[in-house]
Amino acid sequence: MESSLKNPVIDFYNEDKATEDQGVTPWTLSVASGYNLLRDPYHNKGLAFTEKERDAHYLRGLLPPTVISQDLQVKKLLNNLRQYQVSLQKYMAMMDLQESNENLFYKLLIEHVEELLPVVYTPTVGEACQKYGSIFRRPQGLYISLKEKGKILEVLQNWPETSIQVIVVTDGERILGLGDLGCQGMGIPVGKLSLYSALGGVRPSACLPVTIDAGTNNEKLLNDEFYIGLRQKRVTGQEYTELVHEFMTAVKRNYGEKILIQFEDFANHNAFDLLEKYSKTHLVFNDDIQGTASVVLAGLVAALKLVGGTLADHKFLFLGAGEAGTGIAELIALEISKKTNTALEDARKKIWLVDSKGLVVSSRKESLQHFKQPWAHEHEPIKDLVSAVKDINPTVLIGTSGVGRTFTKEVVEAMAAINEKPIILALSNPTSQSECTAEEAYTWTEGRAIFASGSPFEPVEYKGNVFVPGQANNAYIFPGFGLGLIMSGTIRVRDDMLLAASEALAAQVTQENFDKGLIYPPFINIRNISANIAAKVAAKAYELGLATRLPQPKDLVKHAESCMYSPSYRSYR
Ligand SMILES: NC(=O)C1=CN([C@@H]2O[C@H](COP(=O)(O)OP(=O)(O)OC[C@H]3O[C@@H](n4cnc5c(N)ncnc54)[C@H](OP(=O)(O)O)[C@@H]3O)[C@@H](O)[C@H]2O)C=CC1
Ligand SMILES: CC(=O)C(=O)O
Ligand SMILES: [Mg+2]
């Protein structure tokens, strides 16, 4: 990748802002041209180069004579993608496009987000990570392994872009509900950052995917000849801590105080501690703990319109007491506590969690990990979920176990027996790990469930009615949340910002959505939704005195929209 990357010759995205915010030179005389221009994914337009551009940039003869519009390119690519029967082939075609013509990739993704989200994100990204070694073509992010220990700052400087605003980092130990995929977890930061740009409008060149390779305990990968990571067991303790700390320190040193770092798909034995440790010194958030919490709270608040009552009137039961489960539980409790002016401990009493050993109860407290302890209420032990449902009588059942088909017919029927409109959220990803399918949820509740899942399901026909399941995925939150932090120059994340994001998302659910039983707005409006989320998050940051970009813009929604990356081609002078 040559210098043209850093010195675009185009009417650069939001030039004035880019200059002011990131110190980028907006105009430069260094011109990528000819063959190199066609090989430069950031400036390539393929057949859309105009006659004048072909003359000016030495492209004559390098392209066939026809000139087509970007819209026609999108149409052609969509037609081509639809020919593939296998999702992974679609994924690879999308990755090839991203690596050959970035603007076209984003235009296609933005304009057909509902069709293509399952391709670049869950569920297909899960399979892509499992097979990442076999399908690996070109690096899409930075690999920081134990081999780089002691020189991580230099490694960061190898990345061709300098004005990075957001990093998504994983160590690959808990990739979706697929377990430890080691270095091949890279598909997740790459996918998440594609959504930062497509859904949240963060400039693609400001995004950096990172995978920390501290080894893997996945024997299958260790024995796989195509595995791309270190062939050793994971390091733990001091060695792991030092590696991550060196990375965190180098990132701040290289990119400054306002660089946003999103932790993604770390195992829970590291995730909570890293969040706690670095939230004091860095702009960090954990998507699985906090982003998920914000999206689920939004869905539940919206669902109140369908089921009635306040959040405090409901009772919540989780299958899975890890990052997602306890993260969501805590934000629900916080919201209830704030809204009803009650103590957090009392609000927590409305929430129950089941882990692999059964209901989390006080008699287990000594042996529980610290993040489960606030949920260890007084109750006799219960081993299985059906008994827990029958005993606790929840109005809301949330799956965050990472284990598929754990909401059995008996469990769902028990929910339906207790509730007129049971709220059932099967959040585990990818589709194979979903606690139940949409069809099961609607059939077993005779069409009464309010259902959403982490990975998408098709609409279901049941007794002549069509039920449209929602997608409860943190993808609704993190792109807009990140945009809000970046555009306001915020330096720390606070729970109140997550609540603000949640409120903004819930407010985007329309009567038309409710009439279809939906508790989330469709993804088709996501850029508008993200602008609203960004505005609320930024407003909260200004209110808390954590935003550094002053003065505060008067209309934050308009400001968010004006900051958003557009994938339309610019004309090359
Ligand atoms: N929809 C969305 O936006 C998101 C979805 N997720 C999904 O949520 C799932 C869990 O992620 P995360 O919370 O980070 O994972 P964790 O590993 O932190 O937590 C998993 C929890 O599930 C429990 N568990 C595992 N197996 C069973 C079982 N058979 N019965 C009951 N409980 C069980 C574990 O129990 P124990 O503690 O005893 O081991 C643990 O408490 C993943 O599939 C992930 O893809 C995550 C983030 C966002
Ligand atoms: C969606 C997501 O972040 C997860 O499943 O881990
Ligand atoms: Mg995740």
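Just so you know, the residues in each chain are numbered from 1, in the order the chain's sequence is written. Just so you know, chain letters begin at A and ligand numbers begin at 1, following the order they were written in. Where totals are concerned, whole chains, interfaces and linings use all residues; where local detail is concerned, this predicted model gives features only for residues with pLDDT of at least 70, and gives and counts side-chain atom pairs only at 80 or more. The side-chain values count all of the structure's non-hydrogen atoms but skip hydrogen atoms and water molecules.

Named according to an unreviewed UniProt entry, the chain is Malic enzyme originating from Citrullus colocynthis. UniProt positions are given in the numbering used here, feature names are shortened, and annotations may be inferred rather than shown by experiment. The record in UniProt for the chain states the following under Sequence similarities (unreviewed entry): "Belongs to the malic enzymes family."

Moving on, we come to the overall build of the chain. A tally of regular secondary structure across the chain gives 25 helices and 14 strands. As a reference, a globule follows 2.2 Å times the number of residues to the power 0.38, and the radius of gyration itself is taken over C-alpha atoms. Relative to a compact globule of 573 residues, whose C-alpha radius of gyration would be 25 Å, the chain shows 24 Å and is just as compact. Expressed along its principal axes, the backbone C-alpha trace of the chain runs to roughly 75 × 60 × 55 Å. The buried share among the 573 residues of the chain stands at 61%. Of all intrachain contacts in the chain linking residues separated by at least 6 positions in sequence, the fraction that spans at least 24 positions is 71%. Computed by Shrake-Rupley with a 1.4 Å probe, the accessible areas treat only the displayed protein chains as cover when residues are assessed. Total accessible area on the chain stands at roughly 22,800 Å², and carbon and sulfur atoms take up 50% of it. Under the counting rule used here, the positive set is Lys and Arg, the negative set is Asp and Glu, and His together with the chain ends is not counted. By convention, charge coordinates are those of NZ in Lys, CZ in Arg, CG in Asp, or CD in Glu. Here the chain holds 59 positive side-chain charges and 67 negative ones, and the gap between their average locations is 2 Å. Here a helix means four or more residues in a row that DSSP labels H or I, a strand means two or more in a row labelled E, and each is numbered from the N terminus. Relative accessibility under 20% of the residue-type maximum defines a buried residue, over 50% an exposed one, and the middle range a partly exposed one, all with a 1.4 Å probe and only protein chains included. Only heavy atoms matter for contacts: two residues are in contact if any of them lie within 4.5 Å across the pair.

Let us now look at the site of ligand 1. If a single non-hydrogen atom of a residue is within 4 Å of a molecule or strand, that residue counts as near it. The immediate surroundings of ligand 1 are formed by 26 residues, with Arg174, Asn268, Ala321, Ser356 and Lys372 found nearest. In this structure, a nitrogen atom belonging to ligand 1 sits 3.1 Å away from a main-chain N or O atom of Leu427. Bound to the protein, ligand 1 loses 83% of the 930 Å² it would expose on its own. Looking at the shell around ligand 1, the elements with two or more residues in it are helix H15 (287–307) and helix H16 (323–340). Charged residues are taken to be Asp, Glu, Lys and Arg, nonpolar residues to be Ala, Val, Leu, Ile, Met, Phe, Trp, Tyr, Cys and Pro, and polar residues to be all remaining types, Gly included. When the residues that make up the shell around ligand 1 are grouped by side-chain class, the tally is seven nonpolar, 14 polar and five charged. A 3.5 Å cut-off defines polar contacts: any pair of N or O atoms within that distance qualifies, except that in protein one atom must be a possible hydrogen donor and the other a possible acceptor, and neighbouring residues in sequence count only when both atoms are side-chain atoms.

To continue, consider the site of ligand 2. All residues adjacent to ligand 2 are Tyr121, Arg174, Leu176, Lys192, Glu264, Asp265, Asp287, Asp288, Asn429, Asn473 and Asn474. Asp288 places a side-chain nitrogen or oxygen 3.0 Å from an oxygen atom of ligand 2. In isolation ligand 2 exposes 210 Å². Once the protein is present, 89% of that is buried. Split into classes, the residues belonging to the shell around ligand 2 amount to two nonpolar, three polar and six charged.

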